[in-house]
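Chains, contacts and geometry: an overview
What follows is the residue order along each chain.
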Amino acid sequence: MLDTSFETTVPLQDIPETAVVQAGLPVYSAKQRKEKIDRIKFLLQKENAVLIAHYYTHETLQRIAEETGGYVSDSLEMARFGSRHNATTLIVAGVRFMGETAKILNPEKRVLMPTLQATCSLDIGCPAKEFSAFCDLHPEHEVVVYANTSAEVKARADWVVTSSIALKVVSHLMDQDKKILWAPDRHLGRYIEKVTGADMISWQGACVVHEEFKARALGDLIAKHPDAGILVHPESPEAVIEAADVVGSTTALIRAAQELPHRSFIVATDNRIFYKMKKAAPDKVFIEAPTAGEGATCKSCAHCPWMAMNGLHNLEAVLESGENEIHVAEEIRNKAYRSTHRMLDFVAN
Ligand code: SF4
């Protein structure tokens, strides 16, 4: 059974509202947009920099990454791409833990982010000091943490995983009769426990985007679209996961959208993923899973407020100024490198 004694969800007042973040972004004419994009492309080349963007960022940033030899992906593949690429500067459009992961794996490279304000409710809901105390209470457990954590939390872990390989790593550890201490996402932890049958205790964090998906409203939507496939990210609540045809990482959901025979899909993850889904399956229809309903806060309304902070304005600014560089103290980085690189080695084998 999952230990749910650690209630660590971030208070709602500490989470920005996506609509408010978006309303604060600059608005450009078509001409200004084109000028900004051209300037960004020029600066990427001039600075020997490559843009690595997450699936949840604005499609304009995803397109710039694609058109300039950069990369758009989930956090595992973002980390792998940054390690393989020979650019001296990595521009990471996403949230802070992604920039830190890039720095952990690439200490010799300069890692810049459009904004350092972009964080993650899982990261801030798992402070290193409290997490370390939690680990100390369970010394016989193998500590497995999600990539959505700070460098300090990664440094305390035995393993770092992303949602795309969490099940495989936990199964591998079960084969060695290990007990698992999991952090920070409680829904993903419950899902892993259910699928693998692992002996787990879990931190009780949550993602502000996925936690807002509502099972009852989803049931109503499925009734209206009975032929649609249901694609769900495992950070979603258990009742939403139970309705899924496919549960998986962002990359797995995009693949499912392409490969499954359905003509339409209801998708429970950040709606910015639709850019890649439409590219992968242009003749299919994608419908956002509902976030409204009983107990709804709609802080995110299916789009991460921190991902929404990445825009053309701050991407251009960071390339011009060289500010917003990610630094990780060497002692922390060395420890975090071990647990993070283990994930890459595991994937490679
Ligand atoms: S979508 Fe959720 S898990 Fe991803 S960065 Fe935003 S808050 Fe964190």
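In every chain, residue numbers begin from 1 and rise along the written sequence. In view of the model being predicted, local features appear only for residues whose pLDDT reaches at least 70, and side-chain atom pairs are presented and counted only at 80 or more, with totals across whole chains, interfaces and linings using the full set of residues.

**Here's the deal with the overall build of the chain**
Our working rule: Counting from the N terminus, the helices are the DSSP runs of H or I reaching at least four residues and the strands are the DSSP runs of E reaching at least two. Every radius of gyration here is taken over C-alpha atoms, with the globule rule written as 2.2 Å times N^0.38, N being the number of residues. Around each residue's C-beta, the other C-beta atoms within 10 Å are counted; 20 or more make the residue buried, 12 or fewer make it exposed, and counts in between make it partly exposed. All C-beta atoms are placed from the backbone. For every residue pair, C-beta atoms are placed from the backbone, and the pair is scored as a contact if these atoms sit within 7 Å.
The number of helices and strands found in the chain is 16 helices and twelve strands. The C-alpha radius of gyration of the chain comes to 20 Å, within 12% of the 20 Å expected for a compact globule of 349 residues. The buried share among the 349 residues of the chain stands at 50%. Contacts in the chain between residues far apart in sequence, at least 24 positions, make up 67% of those at least 6 positions apart.

**Brief notes about the sheet that holds strand β6 (residues 159–161)**
Rules: Only when DSSP finds a minimum of two bridges between them are two strands counted as paired. Axis angles are defined between N-to-C directions and span 0 to 180 degrees, where every axis is a line fitted to C-alpha atoms and, for a helix, only to the segment in contact.
A sheet is described by the order of its strands in space; here four strands give the open sequence β6-β5-β7-β8, paired in parallel fashion. Each of the sheet's edge strands pairs with one partner strand only, and the pair in question is β6 and β8 (200–202). Across the sheet, the axes of successive neighbouring strands diverge by a mean angle of 25 degrees, strand direction being ignored. Here helix α10 (residues 186–196) sits on the sheet in contact with β5 (141–146), β7 (179–183) and β8, set at roughly 170 degrees to β8.

**Details of the packing of helix α4 (residues 75–84) against helix α5 (residues 96–105)**
Relative orientation and spacing of two packed helices are given, respectively, by the angle between their axes and the distance between those axes. The cut-off we apply is this: Should the near helix be turned anticlockwise from the far one by less than a right angle, the crossing is termed left-handed; should it be turned clockwise, right-handed. Under the grouping applied here, Gly and all other residues not named as nonpolar or charged are polar, the nonpolar ones being Ala, Val, Leu, Ile, Met, Phe, Trp, Tyr, Cys and Pro and the charged ones Asp, Glu, Lys and Arg.
Running from N to C, α4 and α5 cross one another at 35 degrees; their axes reach a closest spacing of 9 Å. Crossing handedness for the pair α4 and α5: right-handed. Contacts from Ser75, Met78, Ala79, Gly82 and Ser83 in α4 reach Met98, Thr101, Ala102 and Leu105 in α5. Across the contact of α4 with α5, the residue classes break down as five nonpolar, four polar and no charged.

**So, the confidence of the model for the chain**
Put simply, the test is: A residue's pLDDT is the predictor's confidence in that residue, given on a scale from 0 to 100.
With 97% of its residues at a pLDDT of at least 70, the chain reaches an overall mean of 94. This stretch, residues 1–7, has a pLDDT under 50; its non-local contacts, to residues over four places away or in other chains, come to 13 contacts.

**With respect to the packing of helix α9 (residues 166–175) against α10**
Quick note on the threshold: Throughout this description, any angle smaller than 35 degrees is read as roughly parallel, any larger than 145 degrees as roughly antiparallel, any in the 65 to 115 degree range as roughly perpendicular, and the remainder as oblique.
For the pair α9 and α10, the least separation of the axes is 10 Å and the interaxial angle reads 55 degrees. The angle between α9 and α10 places the two elements in the oblique class. Crossing of α9 over α10 shows right-handed handedness. The segment α9 lies against α10, with Ala166, Leu167, Val170, Ser171 and Met174 engaging Leu188, Ile192, Val195 and Thr196. Here the contact of α9 with α10 is composed, by residue class, of seven nonpolar, two polar and no charged.

**Let's talk about the sheet that holds strand β4 (residues 110–112)**
The parallel open sheet is built from four strands, whose spatial order is β2-β1-β3-β4. Here the strands that pair on one side only, and so sit at the sheet edges, are β2 (71–73) and β4. If you compare each strand with its neighbour and ignore which way they point, the axes differ by 20 degrees on average. Pairing of strand β1 (residues 49–54) with β2, which is carried by three bridges, proceeds in the parallel orientation. Bridging from a neighbouring strand, histidine 54 pairs with serine 73 of β2.

**Quick word on unusual backbone geometry**
Along the chain, alanine 183 connects to proline 184 via a cis peptide bond; the corresponding omega equals -5 degrees. The residue asparagine 48 is not glycine, and still its phi comes out positive at about 50 degrees. Mapped onto the elements of the fold, asparagine 48 is located in the loop between α2 (30–46) and β1. Here asparagine 48 falls in the exposed class, since 11 other C-beta atoms lie within 10 Å of it. One non-glycine residue, aspartate 177, adopts positive backbone phi at about 60 degrees.

**Examining the pairing of β7**
Applicable threshold: Crossover handedness is defined by viewing with both strands directed away from the observer: a clockwise path from the first strand over the helix to the second marks the crossover as right-handed.
Counted residue by residue, β7 has four buried out of five residues, so it is predominantly covered. As defined by bridge partners, β5 adjoins β7 across five bridges and the pair is classed as parallel. Each bridged residue has a counterpart across the sheet, and for valine 144 the counterpart in β7 is tryptophan 182. Here β7 runs beside β8; their pairing, made up of three bridges, is parallel. Along β8, the bridge assignment pairs isoleucine 180 with methionine 200. Tracing the backbone out of β7, into α10 and back to the parallel element β8 gives a crossover that is right-handed.

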